[in-house]
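A structural walkthrough
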Amino acid sequence: MNEYTQDFQQQQQEQQSVDYKVLLFKFYRYWYFFAITIFIALIISFIFNKYTSEVFEVKTSVLIKDKSENKLNPQNIMGLGMFNNMQNLQNEIGILSSYTLTYRTVTKIGFEISYFTEEKFISKELYKDTPLIVELDTLYPQPVNMRFNVSFASKDSYRLEAKEEDITFYNFSKKEKVQGRKESVIVDQVYEFGKWVQGNNFRFRILVSPLFNKEKDLTKTFFFKINDYETLVNTFKGFSIEPINKEASIVEIKLKGGNVDKLTDFLNVLTREYLARDLEHKNLVASKTIAFIDSELRDISDTLHSAEKTLQEFRANKEIMNFDEVTKQIFDKIMDLQDDKAVLMVKSKYLINLSQYLDKNQTLDELVVPASMGVDNPMLNDLTSKLTDLYTKRTEITQYSKDKNPTLISIDQQIATIKNALIENIKSAINTNDIALKEINDRIDQITQRISGLPETQRVLFGIERRFKLTDAIYTFLLQKRSEAQITQASNLSDNETVDAAMGGTSPVYPKKSLNYIIAVILGIILPVIYILGRDYFNDKIMEREDVEKITSLPIVGHVIHSDKHSKVVVIDFPKSTIAESFRSVRTNLQYLLQGKERTTTLITSDMVSAGKTYISINLASIYALYGKKTLLMGFDLRKPKIYQDFGLSNAEGISSYLINKSKLEDTIQYSGIENLDIIMAGPVPPNPAELIASAKCTEMFVQLKEIYDYIIIDTPPVGLVTDAFLLMKHADANLFLVRQNFTHKKIFTSIIRDMEKRKIQGLAILINDVKLTRSSYGYGYGYGYGYGYGYGYGYGYGYGYGYGYYSDDRDTKKKKSTLQKLFGKA
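So, how was this worked out
- Residue indices begin from 1 for each chain and proceed along its sequence in written order.
- Per-residue local features of the predicted model are confined to residues with pLDDT of at least 70, and side-chain atom pairs are confined, for both listing and counting, to 80 or more; whole-chain, interface and lining totals are unaffected and use all residues.
- Excluded from the side-chain calculation are hydrogens and water; included are all heavy atoms of the structure.
- A helix here means a DSSP run of H or I that spans at least four residues, while a strand means a run of E at least two residues long, and both kinds are numbered starting from the N terminus.
- Type-normalised accessible area, obtained with a 1.4 Å probe on protein chains alone, sets the label of each residue: buried when under 20%, exposed when over 50%, and partly exposed for intermediate values.
- We call two residues contacting when some pair of their heavy atoms lies within 4.5 Å.
- Only the protein chains shown count as cover for residues, and the accessible areas themselves come from Shrake-Rupley with a 1.4 Å probe.
- Two strands qualify as a pair provided that DSSP identifies no fewer than 2 bridges between them.
- For helices, the axis comes from a line fit to the C-alpha atoms of the stretch in contact; other axes are also lines fit to C-alpha atoms, and the angle between any two N-to-C directions lies between 0 and 180 degrees.
- Here, a salt bridge means any Lys or Arg side-chain nitrogen found within 4 Å of an Asp or Glu carboxyl oxygen.
- Joining through side-chain atoms within 4.5 Å is the link that ties buried Ala, Val, Leu, Ile, Met, Phe, Trp, Tyr and Cys residues into a set, and such a set is a nonpolar core.
- For this analysis, a polar contact is any N or O atom pair within 3.5 Å, provided that within protein one partner can donate a hydrogen and the other can accept it, and provided that sequence-adjacent residues contribute only side-chain to side-chain pairs.
- By convention the crossing between two helices is left-handed if the near helix lies anticlockwise of the far one by an angle smaller than a right angle, and right-handed if it lies clockwise.
- Under the scheme applied, nonpolar residues are Ala, Val, Leu, Ile, Met, Phe, Trp, Tyr, Cys and Pro; charged residues are Asp, Glu, Lys and Arg; polar residues are all the others, including Gly.
- Note that the term roughly parallel is reserved for angles under 35 degrees, roughly antiparallel for angles over 145, roughly perpendicular for angles of 65 to 115, and oblique for everything else.
- Pairs were defined over the aromatic rings of Phe, Tyr and Trp, the Trp ring being its six-membered one, requiring ring centres within 6.5 Å. Orientation was assigned from the angle between planes: stacked under 30 degrees, edge-to-face over 60, tilted for the rest.
- For a helix, the expected span equals 1.5 Å multiplied by the number of residues minus one.

**Remarks on the overall build of the protein**
Regarding its fold elements, the protein presents 26 helices and 22 strands. Put simply, the protein has 827 residues, and 46% of those count as buried. Taking the contacts inside the protein whose residues are at least 6 apart along the sequence as the reference set, 77% of them involve residues at least 24 apart. Just so you have it, the protein exposes about 43700 Å², and 52% of that area is on carbon and sulfur atoms.

Rendered as structure tokens:
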């Protein structure tokens, strides 16, 4: 490995280590792109924040208690209590988020009318601060979900405008839509405040609220909408419910919307109705028990009054006040049994009535739980409670649902199943109660036989007293149960409670203005980065030095700067320009590549046409001539000669005419007009250029020319199209493959250069052409040998050197552009 190759590999490793700097300066080159995108993104963010309706969030919290009253629940002992508690929590969350509870809330809160005003192209909802109040006549169906525009004509009148087709009507008294009715509503008239506005099938009036401000509101435009309850439910049902943490049974309810006061009122009423629902459910059993007992007391009070009157009259007529001692003992025993019999009779009557009630009724709204009547049957009580709960749930659903609702059908099936099981259990309980009642009657009959020896008066009094005491025991038992039910009802409290009332923040949760500006800045940075990196990633042309180095390890002998001058021979016409200096750098690097040979031949080729081979050949030959060396430029593009045009010379004789023995070599050499530079033109286009190039005559020509000239520059056709350049490379000491920035295709270059590497062509190197320098160009030094060489960055870097006055490039003669002109020129 020679010294040159070692230096080249070391230089590559150094360049690899500073790739991040290259990337940084590449972004810096497009600073104006970042500035423009950030500015546009901030403008869009500003418009979005200003003209987007604000959304606020309101939240409340509710404590959900465990409904289990048994502290020594076996499931708690077994460690399953937490599961039951979580199950209860999820059930309550389901109730809170149910359609039924939301429907119940919106029907009581008074959101039937929504008021709006338009400010800055945004519709803002008014709630408690509305200057208008709309009153509906509920005897009439009302058009819902349509817009009524209101503008003040004066302080006492207003203009009402509305025009909609196929409007749905809603009956607020029945809380249902008017089926099969859709009409057009057209209103455009001035009305006085307080007067009824009546259409064909609707009626309402508009009043001025106490908040009406004559100075501000007279110039504003308002509108309102009438909302049906189903629409309101769908609007407000979007609240979220979740526990504050995994272990807690406190849930937080959050609702988002445009008006904080309205959201707050809704959540407060929602939690209030939730607690009221729970309390109503608990009081339902007590209310039904009291109603049932009252009906029984009304029936038995007459019997008790009659028995008491009969007893008093008998004692008064017979002048008997008390039993003797023996009779009293027997009577006391019978009375004890009578008390038990009274309880059993009440239970029997209740069970019979319950059985008949289940057979005859479908509504079950008067169903009394057996436990409230002293029926100690766990299975019967459980089935009755389940049936009551299912019916309550069904009643709630039927308020807003139709009979074909799948949920309603499922509940009906459950009711039928539990009802059948309850009837069977009632029959069994009646049989058990009848057996107990028969046993007591038998014991009473046995004791009654002991009074057969008493006087007739005592026996009659005994019978009357027995009937009175039995009726009184039944009456007393019912009064006791009624008192218990009343105490239960009075002491009932909801199992749950509101922890924090609904409250909302003053800052909107949407749009988040600060966050939007941050996102705008981030997007303003990311989008140019994506564009720049994406453009480089998808670009199939060579843009930078690294693109070449990734494809091949061949040495790069230099870079030729982009020329905006009309001259083809820039090194002669502008010898102090940056372009001329770039050719001097290539000339110097070629000396190191060729290890200081005195006489050299350099071939210029490329993969495709328009890479700048002729331009490079002319100026490289010219720079050698300026060096004071005898130089020859050979136009070996026999198929399409054109060098003669650039120099204004004749192409009548040239290489082709010499190779076919029509011209002598000395006749083909022409003076270029530049000192030390001669030119051999291609000559007339031959039919077999490849064969001529491969001939012995061609080799003989090169032998003769190398003895005459110090430097020979060969301009050849592209190797990607014809084989001429390959045939000539054996005559050259340096074979320069030309790569043009933003023109040479990576795939074509890769294919050709790797093929050339496999051929092991001697002196093969890369020359990069048409490099565009900017003030942000980062100049790497490409020097071969021990310390000389000029670096030219293209597309990135610092850019010290060319263009800053060190070289005369005629740039100071141009009018300096302003910063704005430069910015918009780049954009």
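Once the structure has been displayed, the description carries forward.
**A few points about the sheet that holds strand β19 (residues 677-680)**
Strands sit in the order β15-β22-β21-β16-β20-β17-β19-β18 across an open sheet of eight strands; the sheet is mixed. Of all the strands in the sheet, the pair left with one neighbour each is β15 (556-561) and β18 (669-671). Averaged over all neighbouring strand pairs, the angle between strand axes comes to 25°, with direction disregarded. Sheet analysis places strand β16 (residues 600-606) next to strand β21 (residues 734-740), joined by five bridges and oriented parallel. The partner of L603 across the bridge, within β21, is N735. Its contacts with the sheet put helix α25 (residues 746-758) on β21 and β22 (764-771), and the angle it makes with β21 is roughly 170°.

**Here's the deal with unusual backbone geometry**
That bond from Y510 to P511 is cis: its omega, -5°, falls within 30 degrees of zero. Non-glycine residue N145 carries a positive phi angle of around 60°. Look at N145 and you get partly exposed, because its relative accessible area is 40%. Phi is positive for S610, close to 70°, though the residue is something other than glycine. Tracing the chain through its elements places S610 in the loop between β16 and α18 (613-626).

**Quick look at the pairing of strand β3 (residues 122-126)**
Sheet topology places strand β2 (residues 113-119) next to β3; five bridges connect them, and they run antiparallel. Across the sheet, the residue bridging to E119 is I122, located in β3. What sits between β2 and β3 in their antiparallel hairpin is a turn of two residues, with K120 showing a positive phi close to 55°.

**Description of the pattern of salt bridges**
A complete count under the given rule lists 22 salt bridges for this structure. The residue R740 makes a salt bridge to D770 at a minimum N-O spacing of 3.2 Å. Highlighted residues: R740 in strand β21 and D770 in strand β22, separated in sequence by 30 residues. A salt bridge links K772 to D770, with the shortest nitrogen-to-oxygen separation between them at 3.5 Å.

**A look at the nonpolar core**
Buried together is how nonpolar side chains tend to be arranged in soluble globular proteins. Among the nonpolar cores identified, the biggest contains 58 residues, and L160, F204, I206, F224 and F266 are the most heavily contacted of them. Contacts of L160, omitting those with residues within four sequence positions, involve F148, N149, V150, V187, D188, Q189, Y191, V197, F204, I206 and F224.

**Points about the side chain of S567**
Note on placement: S567 falls in the loop between β15 and α16 (570-573). Judged by relative accessible area, which is 17%, S567 ranks as buried. Within polar-contact distance, the side chain of S567 engages the backbone nitrogen of V569 at 3.2 Å. Only 2.3 Å separates the side chain of S567 from the side chain of D573, close enough to count as a polar contact. Setting aside chain neighbours within four positions, we find S567 in contact with D573 and F574.

**What to know about the side chain of S209**
As for its placement among the helices and strands, S209 is situated in the loop between β10 (203-208) and α7 (214-217). Leaving out residues up to four positions away in the same chain, S209 has contacts with T130, P131, L132 and I133.

**Considering the packing of helix α6 (residues 99-109) against helix α8 (residues 229-236)**
At their nearest, the axes of α6 and α8 sit 9 Å apart, and the two run at 115° to each other. Read as a crossing pair, α6 and α8 show a hand that is right-handed. Between α6 and α8, the contacting residues are Y99, T102, Y103, V106 and T107 on the first element and Y229, E230, L232, V233, N234 and F236 on the second. Partitioning the contact of α6 with α8 into residue classes produces seven nonpolar, three polar and one charged.

**Some thoughts on the environment of I64**
Residue placement: I64 occurs in the loop between β1 (56-63) and α4 (74-77). Sequence separation of I64 and P243 is 179 residues, and the distance between their C-alpha atoms is 10.0 Å. Apart from the residues within four sequence positions on either side, I64 is in contact with N88, L89, E92, L96, S249, V251, Y274 and N496.

**A look at the packing of helix α17 (residues 578-593) against α18**
Between α17 and α18, the least distance of the axes is 10 Å, while the angle of their chain directions is 75°. Between α17 and α18, the interaxial angle falls into the category roughly perpendicular. Between α17 and α18, the residues in contact are I579, A580, F583, R584, V586, R587 and L590 and Y615, I616, N619, L620, I623 and Y624, respectively. Across the contact of α17 with α18, the residue classes tally to ten nonpolar, one polar and two charged.

**Some words on α6**
Of all eleven residues making up α6, ten are buried, and the element is well covered by its neighbours. Taken as a whole, α6 has its buried residues at Y99, T100, L101, T102, Y103, R104, T105, V106, T107 and I109.

**Digging into the sheet that holds strand β9 (residues 196-198)**
The strand order across the open sheet built from three strands is β4-β10-β9, with neighbouring strands paired in antiparallel fashion. Every other strand in the sheet has two partners, leaving β4 (132-136) and β9 as the edge strands with one partner each. Direction aside, neighbouring strands of the sheet carry axes that sit 30° apart on average. Strand direction decides the pairing type here: β9 and β10, joined by three bridges, are antiparallel. For Q198, the partnering residue across the bridge sits in β10 and is R203.

**With respect to the environment of K124**
With respect to the secondary-structure elements, K124 resides in strand β3. Owing to a relative accessible area of 41%, K124 belongs among the partly exposed residues under this scheme. What K124 contacts, discounting residues up to four positions off in sequence, is Y115, F116, T117 and E119.

**Quick look at the packing of aromatic side chains**
For the structure on display, the rule yields 28 aromatic pairs. Seen from their ring centres, F116 and F223 are 4.9 Å apart, and the 10° between their planes marks the pair as stacked. Here F223 lies in strand β11 (residues 221-226) and F116 lies in strand β2, a separation of 107 residues in the sequence. Judged by relative accessible area, which is 5%, F223 ranks as buried. Between F737 and F749, the ring centres sit 5.5 Å apart and the planes meet at 55°, which makes this aromatic pair tilted. Here F737 is found in strand β21, whereas its partner F749 is found in helix α25, with twelve residues between them in sequence.

**Observations concerning α18**
The end-to-end C-alpha distance of α18 is 20 Å, a good match for the 20 Å that 14 residues give at a rise of 1.5 Å each. Most of α18 sits out of view: 13 of its 14 residues are buried. In the segment just after α18, G628 is the residue with positive phi, at about 90°.

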